[in-house]
Amino acid sequence: MAARTKSGKDRPSYRCTECGWQTAKWLGRCPECQAWGTIEEYGAPAVRTTAPGRVTTSAVPIGQVDGRQATARSTGVPELDRVLGGGIVPGAVVLLAGEPGVGKSTLLLDVAAKAASDDHRTLYITGEESASQVRLRADRIKAIDDHLYLAAETDLAAVLGHLDEVKPSLLVVDSVQTVASPEIEGAPGGMAQVREVAGALIRASKERGMATLLVGHVTKDGAIAGPRLLEHLVDVVLQFEGDRHARLRLVRGVKNRYGTTDEVGCFELHDEGITGLADPSGLFLTRRDEPVPGTCLTVTLEGRRPLVAEVQALTVDSQIPSPRRTTSGLETSRVSMMLAVLEQRGRITALGKRDIYSATVGGVRLTEPAADLAVALALASASADIPLPKNLVAIGEVGLAGEVRRVTGVQRRLAEAHRLGFTHALVPSDPGKIPAGMKVTEVADMSDALRVLPRSRRREAPQESMDRR
């Protein structure tokens, strides 16, 4: 007699107590959240079907939908409005993530105070600090308003209770990883807890038409902590960047359902708080009366915003067999590529035996290839100990064959340089419309670009190469 097959109703199932992942057999480690010893047996889930229910809101043609309900309202901080696409939309949920100490809490407390008014209350929920600690910061940055309400809570039910009591138009939660629900197993900040807390706050935001700003932690790799589902659920994801040793802070849009993601907001962090910078280019320049060898200016694009930045280089005789290569604010690999191009295509042979230091001014980080030409010219100027002409900017990507390639946004870069008073620019071929009164020199390769250095003092270049030029 054949053995009776075990039915699905009698077959045991297993579930991860940390993230809720299910499986038909026991495992020592959850493949979803990588936690050890969290797989436990529980009853097989019953098969459920959903019957059609009553429609709460009838479907209408999209042209008849009132779009005025999604009109953005200013946060009171112009640089943040720029990244958000004009302001924050009622019912929108914004996730702001960044490294510890970068200024997330300071920025959002300033936003909460400036957005508060007679018709729009603001509720600030802090789960990482006490209310008195937040009050001290508010006094320091002058973020005191009668319509800004503050509460220190880590329980989700209590947070929802504050929403019923205050009825805010803007909710700030600092941070979503510190709030937990007692109905969900796991510690605060776990995947199951973050998913439940975020889901409840998003539902409350949509039902009430209340804008919500969530602070998110990041991992040691810089990624947003918690399940990837969190970034899919929210409407806007912002990344707060900046070196804690520099004054500049950047807010980038990673995801935005109400606007573009190619805008960048610039802020300056100081003792009195954080302020927006409508014209941050001055932070990245050194004001001098006379040019100095080893410096070159370029125009980089942060999103759609052009910023003038300064590249500095210094070369000295090495005291060790292996010369040093030190960079700050620049990619080491691209600086090494420029050194190889200068040696092979520019005939500057002394760089390989010298210590080379390269950096940017003001803490800005240049990662786009359009800064290649400026890096190469700064290295060549430092090697020859000859300053580049005053009021010169260099824009262009340099290839391994020594050619200078075209980059995007040349006209915007030139317009920004002209606005700041620069009169001469080195650019790739076909730059487009040139600002009136600005001298623009098109260069095809490194040989053309190196002609800006006086020929009589190029001590590293071979004599025959100098004669050809």
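For the structure itself, consult the block above.
A brief structural summary. Residue numbering note: each chain is counted from 1, following its sequence as written. Two thresholds apply to this predicted model, a pLDDT of at least 70 for residue-level local features and 80 or more for giving and counting side-chain atom pairs, whereas whole-chain, interface and lining totals are computed over all residues. No hydrogens and no water enter the side-chain calculation; it runs on all heavy atoms of the structure.

## Quick notes on the sheet that holds strand S10 (residues 248-256)
The strands that make up a sheet are held in pairs by hydrogen bonds between backbone atoms, and each pair lies either parallel or antiparallel.
Part 1 of the reasoning: In this description, strands pair whenever DSSP reports at least two bridges between them. Helix and strand assignments follow DSSP, with helices taken as H or I runs no shorter than four residues and strands as E runs no shorter than two, numbered in order from the N terminus. Taking strand neighbours across the sheet as the criterion, the nine strands line up as S6-S5-S7-S8-S4-S9-S10-S11-S12 in an open arrangement whose pairing is mixed. With one partner strand each, in any of the chains shown, strand S6 (148-152) and strand S12 (273-276) form the two edges of the open sheet. Ignoring which end each strand starts from, the neighbouring axes of this sheet average 20° apart.
Part 2 of the reasoning: In the sheet, S10 pairs with strand S11 (residues 264-270) via five bridges, with the strands oriented antiparallel. Following the sheet pairing, Arg-252 is matched in S11 by Val-264.
Part 3 of the reasoning: Sheet strands touched by helix H2 (residues 104-115): strand S4 (93-98), strand S5 (122-126), S6, strand S7 (170-174), strand S8 (211-216), strand S9 (236-241), S10, S11 and S12. Its angle to S5, the strand with the most contacts, is close to 155°. Working convention: axes come from line fits to C-alpha atoms, limited for helices to the stretch in contact. Angles between N-to-C directions cover 0 to 180 degrees. Whether two residues touch is decided by their heavy atoms; if any such pair falls within 4.5 Å, the residues are in contact.

## Considerations on the side chain of Thr-106
Part 1 of the reasoning: Mapped onto the secondary structure, Thr-106 falls in helix H2.
Part 2 of the reasoning: In this structure, Thr-106 is in contact with Arg-137, Arg-140, Ile-141, Gly-273 and Ile-274, ignoring residues within four places of it in sequence.

## Overview of the pairing of S11
Part 1 of the reasoning: Most of S11 is tucked away: five of the seven residues are buried.
Part 2 of the reasoning: Note that S11 and S12 share four bridges and pair antiparallel. Of the residues in S12, the one forming a bridge with His-270 is Gly-273.
Part 3 of the reasoning: As consecutive antiparallel partners, S11 and S12 are separated by two residues. Working definition: with a 1.4 Å probe on protein chains only, accessible area under 20% of the residue-type maximum means buried, over 50% means exposed, and in between means partly exposed.

## Remarks on helix H8 (residues 372-384)
Part 1 of the reasoning: The end-to-end C-alpha distance of H8 is 18 Å, a good match for the 18 Å that 13 residues give at a rise of 1.5 Å each.
Part 2 of the reasoning: For H8, a buried count of 13 out of 13 residues is recorded, marking the element as mostly surrounded by other parts of the structure.
Part 3 of the reasoning: Residue Asp-385 follows H8 closely and has a positive phi angle near 60°. Here a helix's expected span is defined as the number of its residues, less one, multiplied by 1.5 Å.

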